[in-house]
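# Structural overview for review
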Amino acid sequence: MDEREASVADIDGEFTAQVLPGGQTFAASAALSLLEAALLDGVPMPNSCRNGTCRACASRLHAGSIRYRIEWPGLSLDEKEEGLILPCVACAVSDVVIEPVTLG
Ligand code: FES
């Protein structure tokens, strides 16, 4: 399998997401945003704009990897390096563990 095939396989993947602190899990299809997948499975997550700008859904990525649907999610480089993500525009590319946080 070459690199391109690997990335296509990732996009079609089915993963498991866990939400801290409660530890609820939901099926995180790579085709859905983490927020869409959570709400589809009945797992509540904070949200508002659902397009990567308001930051209401901000979460810490404790484990796993994501890719973004949009080029410029509303996080600073520092916030990204701290492990913060915006689940409304982030799709899982592996099993993930996330924890909603409140950004100032
Ligand atoms: S819901 Fe607004 S940035 Fe995610």
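Keep in mind that this is a model prediction, so the values were computed, not measured.

### A few points about the pairing of strand β1 (residues 14–19)
- Residues Phe15, Ala17 and Val19 point to one face of β1 and are all buried, whereas Glu14, Thr16 and Gln18, pointing to the other face, are not buried.
- Sheet topology note: the β1/strand β2 (residues 24–29) ladder contains six bridges and is antiparallel. Looking at β2, one finds that Phe15 is bridged to Ala28.
- The antiparallel pairing of β1 with β2 creates a hairpin that spans four residues between the two strands, and Gly23 there sits at a positive phi of about 85°.
- The pairing of β1 with strand β7 (residues 96–100) spans three bridges and is classified as parallel. What sits directly across from Ala17, in β7, is Val96.

### Describing the environment of Lys80
- One can find Lys80 in helix α3 (residues 77–81).
- On the basis of neighbour count, Lys80 is assigned to the partly exposed category, with 14 C-beta atoms found within 10 Å.
- In sequence terms Lys80 and Arg60 are 20 residues apart; their C-alpha atoms lie 9.3 Å from each other.

### Points about unusual backbone geometry
- For the peptide bond that leads from Leu20 to Pro21, omega is 5°, which places it in the cis range.
- Here Pro21 shows up in the loop between β1 and β2.
- Positive phi, close to 60°, is recorded for Arg50, a residue that is not glycine.
- Within the element layout of this structure, Arg50 appears in the loop between α2 (34–40) and β3 (59–63).

### Examining the environment of Gly74
- Structurally, Gly74 is set in the loop between β4 (66–68) and α3.
- As a C-alpha pair, Gly74 and Leu86 span 12 residues in sequence and 7.7 Å in three-dimensional space.
- Leave out the neighbours within four places in its chain, and Gly74 touches Gly52, Thr53, Arg55 and Leu86.

### Here's the deal with the environment of Val93
- Examined against the element boundaries, Val93 turns out to sit in the loop between β6 (90–92) and β7.
- Of the residues examined, Val93 has 18 C-beta atoms within 10 Å and is grouped as partly exposed.
- Expressed as a C-alpha distance, the spacing of Val93 and Gly64, which sit 29 residues apart in the sequence, is 7.7 Å.

### Re the sheet that holds β3
- Strand order in the open sheet made by the five strands is β2-β1-β7-β3-β5, with mixed pairing throughout. Each edge of the open sheet carries a strand with a single partner, namely β2 and β5 (84–85).

### A few points about the confidence of the model for the protein chain
- This prediction gives the protein chain a mean pLDDT of 91; 89% of its residues lie at or above 70.
- Note that pLDDT drops below 50 for residues 1–6; the model gives that stretch one contact with residues more than four away or on any other chain.

Cut-offs used in this document
Residues numbered from 1 in each chain as written. Predicted model: local features only at pLDDT ≥ 70, side-chain atom pairs only at ≥ 80, totals over all residues. Buried ≥ 20, exposed ≤ 12 C-beta atoms within 10 Å, placed from the backbone. Helix = DSSP H or I, 4+ residues; strand = E, 2+ residues; numbered from the N terminus. Pairing = 2+ DSSP bridges. Contact = placed C-beta atoms within 7 Å. pLDDT = per-residue confidence, 0-100.

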